[in-house]
Structure formats: structure tokens, C-alpha cells
Amino acid sequence: MSLAGRSIVITGAAAGIGAATARLAAKQGMRVTLADLDLDGGAAAVAAIERDGGMAQFVATDIAEEAAVAALVATAVDRFGPLHAAFNNAAIPSHSHTAAPADFADMPTVAMHRSLAVNVMGTFFCMRHEINAMLATGGGAIVNTASNVGVLAIPQAVDYIASKHAVIGLTKSAALDYAKRNIRVNAVLPGVTKSRMMEESFAKNPELIEWANSVQPNGRIADAEEIGQAALWLLSDAASFVTGISMHVDGGYSIV
Ligand SMILES: NC(=O)c1ccc[n+]([C@@H]2O[C@H](COP(=O)([O-])OP(=O)(O)OC[C@H]3O[C@@H](n4cnc5c(N)ncnc54)[C@H](O)[C@@H]3O)[C@@H](O)[C@H]2O)c1
């Protein structure tokens, strides 16, 4: 069941859920390749893992650029050997390219394009190169970070919501295509979770804080580690018969 000694690529690993998962993976003895746009955050995340005795490297990567993703996977394989696991977690929030939240018809085209370029095409590029690396060495497991809004909606966020629905489509499609070739592909759907993305959303829209504290039936926001634990379980052999699922990790948000 152990993940010890296995190699994993984690995107969006400089902060939030990705950084927390990288720390947990390294504590379990995984060899961790962290990818992110944020060079300082990535270097700090690797330094923290190494201080704890873990093995990690950081590769500056824009997941929206396929050549960068190809180089990321090649660097992971070069340093840590066969790729066993991947956590495709990097994403941008809604209206990151607009001044304010916007109703559906007012969402700027540039925001739609950017959210789809990073959250959908970026995840697709990661999966393509990870799958090819895994096929070459006998298989592996992939987890993509979608969101509760991969199956639900919230107001004024069509760019993000459409992108997260698509991540679930990518997950199911790859799970089916590689089911007989020893690659499992699943998605985690976090509820509201403490992270830089959420802090930025709260700063832009303070009314969201009250909503966030009330929306999850268990009455609190998740810690990033709670999402990471679920992702690592899906990546482990304990989940050997689990593929194509969308696992809500949301304190019950999806049942109300
Ligand atoms: N925090 C929440 O409440 C919540 C809820 C549901 C889903 N999610 C999802 O969880 C994942 C992690 O988000 P988080 O909450 O930890 O946010 P975060 O902002 O703390 O982390 C996201 C990381 O992704 C990186 N990133 C953004 N664009 C990138 C790109 N093009 N290439 C490489 N890296 C890039 C950022 O630099 C950042 O370090 C995202 O997919 C997000 O959509 C978060």
C-alpha cells in the first residue's frame, strides 16, 4: 500500500493544496517534483521538504505551455526515475483576469480563454505527458483537482465553473481509455479550503467569508492537508479498484 520510494509530479505546488500535498507525499517517502509559476514559493516549498528530510525538486512551469509541461515530466523522470503518480492541481480562480465578478453574458472573452487555457488545456497537457511517461514504465495513477463547482454552480463564475466541469470530463475520458493499461485517473472535488486562492477571493469579495463559513454542513473551511490526504489515498494502491471517480472532499457541501 505504501507510496514510499515512488515518484510524483504535483502542479500548483508552491502554495495551498499543492504545497500541502507535496509535504504529505514527501513525509510518506515519495520523491516529489513540484511545479508552479511561482518561483519563490516553489523554492520555499522544496526547502521546507528538504529540511524535514524529504526528497524534492522544483521545476518552474506554466502548465498552459505544452513544451514546459513536457520538460517538467522529462525532468521528473530524469531525476527520480519512472513516474508513478501525478497530482494535477494548478488552476486559476474565476475572473482572475477581470476587475470584478461578472454575470454569464458579461464575462470577458479574455477571462474565458485564460481559464480554459490554464485549467483545462493545462490539465490536458499534464495528463498527456504523464500518461505517456507512465505507459512507458508499466502504469501509474493520476488525480486531478476539480472542485465542487465541477458538478455544481455558484453565481458569476462561468469561466471557472466551465473549466472545472471540463476537468471532470478529462478525468473520466482518460480513466476509460487507460483502464486496461494500468493507469487509474480520478478527481478530487474540494469544498472551500484554506489557500492563497481563497484568501485572494475573500479580499476581493468580503461577503464570501460568511458564505464560506456557513456553506459546508460541518461548519468550517477545509485545511489544505485534508484535500491532500484524499488525493494521496486515490494515488495509493489502497485505491487500486478506483478509477474515473469524482471524490467530494467538502464537509458535506455537495449534499445540501
Ligand atoms: N481553495 C479552495 O477553496 C478550492 C476549492 C475547490 C477547488 N480548488 C482547486 O484547488 C486547486 C489548488 O488551489 P488552491 O486553493 O490551493 O490555490 P492556490 O492559489 O493556493 O494554489 C494554486 C497554485 O497554482 C499555481 N498556478 C496558477 N496558474 C498556474 C500555471 N499556469 N502553471 C503552473 N502553476 C500555476 C499558482 O501559482 C498557485 O501556487 C485549484 O485547482 C483550485 O481550483 C480550490
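Residues numbered from 1 in each chain as written. Predicted model: local features only at pLDDT ≥ 70, side-chain atom pairs only at ≥ 80, totals over all residues. Heavy atoms only, no water.

Enquirer: So what's going on with the overall build of the chain? Which residues, and what values?
Expert: Check the secondary structure of the chain and you find eight helices and seven strands. Overall size of the chain, expressed as C-alpha extent along the three principal axes, is 45 × 40 × 35 Å. For the chain, with 256 residues in total, the buried portion stands at 52%. Residue pairs in contact within the chain that sit at least 24 positions apart in sequence constitute 72% of those at least 6 positions apart. Looking at the chain as shown, the accessible area adds up to about 11200 Å², and 58% of this sits on carbon and sulfur atoms. (Helix = DSSP H or I, 4+ residues; strand = E, 2+ residues; numbered from the N terminus. Buried < 20%, exposed > 50% of the residue type's maximum accessible area, 1.4 Å probe, protein only. Contact = heavy atoms within 4.5 Å. Areas by Shrake-Rupley, 256 points an atom, 1.4 Å probe, with all protein chains shown as cover.)

Enquirer: Describe in detail the site of the ligand, supporting the description with residues and values.
Expert: Around the ligand lies a shell of 28 residues, among which I17, D36, N89, Y160 and S195 are the nearest. Within the complex, 94% of the 830 Å² of free accessible area of the ligand lies under protein. Secondary-structure elements contributing two or more residues to the shell around the ligand are α1 (16-27), α5 (158-177) and α6 (196-204). Looking at the shell around the ligand element by element, the count peaks at three residues for α6. (Near = heavy atom within 4 Å.)

Enquirer: An account of the environment of V32 is needed here, citing residue identities and associated values.
Expert: Following the sequence through the fold, V32 ends up in strand β2 (residues 31-36). Residue class for V32 comes out buried when judged on its relative accessible area of 0%. Between the C-alpha atom of V32 and that of F80, which follows or precedes it by 48 residues, the distance is 8.2 Å.

Enquirer: If you had to explain the environment of F87 to someone new, which residues and values would you point to?
Expert: The residue F87 is located in strand β4 (residues 83-88) in this model. With 55 residues separating them in the primary sequence, F87 and I142 have C-alpha atoms 6.0 Å apart.

Enquirer: Explain the pattern of salt bridges to me, using residue names and the numbers behind them.
Expert: Counted under the stated rule, the structure contains seven salt bridges. In this structure, D62 and R114 form a salt bridge, with 3.9 Å as the shortest nitrogen-oxygen distance. Within this pair, whereas D62 is found in the loop between β3 (55-60) and α3 (66-80), its partner R114 is found in helix α4 (residues 109-136), the two being separated by 52 residues in sequence. (Salt bridge = Lys/Arg side-chain N within 4 Å of Asp/Glu carboxyl O.)

Enquirer: I'd like a description of the sheet that holds strand β6 (residues 183-190), backed by residues and values.
Expert: The sheet built from seven strands is open, its strands ordered β3-β2-β1-β4-β5-β6-β7 with parallel pairing. Only two strands of the sheet have a single partner each, and these edge strands are β3 and β7 (246-249). Across the sheet, the mean angle separating the axes of adjacent strands is 20° when strand polarity is ignored. Where β6 lies against β7, four bridges are found, and the strand directions are parallel. Bridging across to β7, L189 finds its partner in H248. Strands in contact with α3 are β1 (7-11), β2, β3 and β4; relative to β3, the strand with the most contacts, it is inclined by about 155°. Along the sheet, helix α8 (residues 224-235) makes contact with β1, β4, β5 (140-145), β6 and β7, crossing β6 at roughly 165°. (Pairing = 2+ DSSP bridges. Axes fitted to C-alpha atoms, helices over the stretch in contact; angles between N-to-C directions.)

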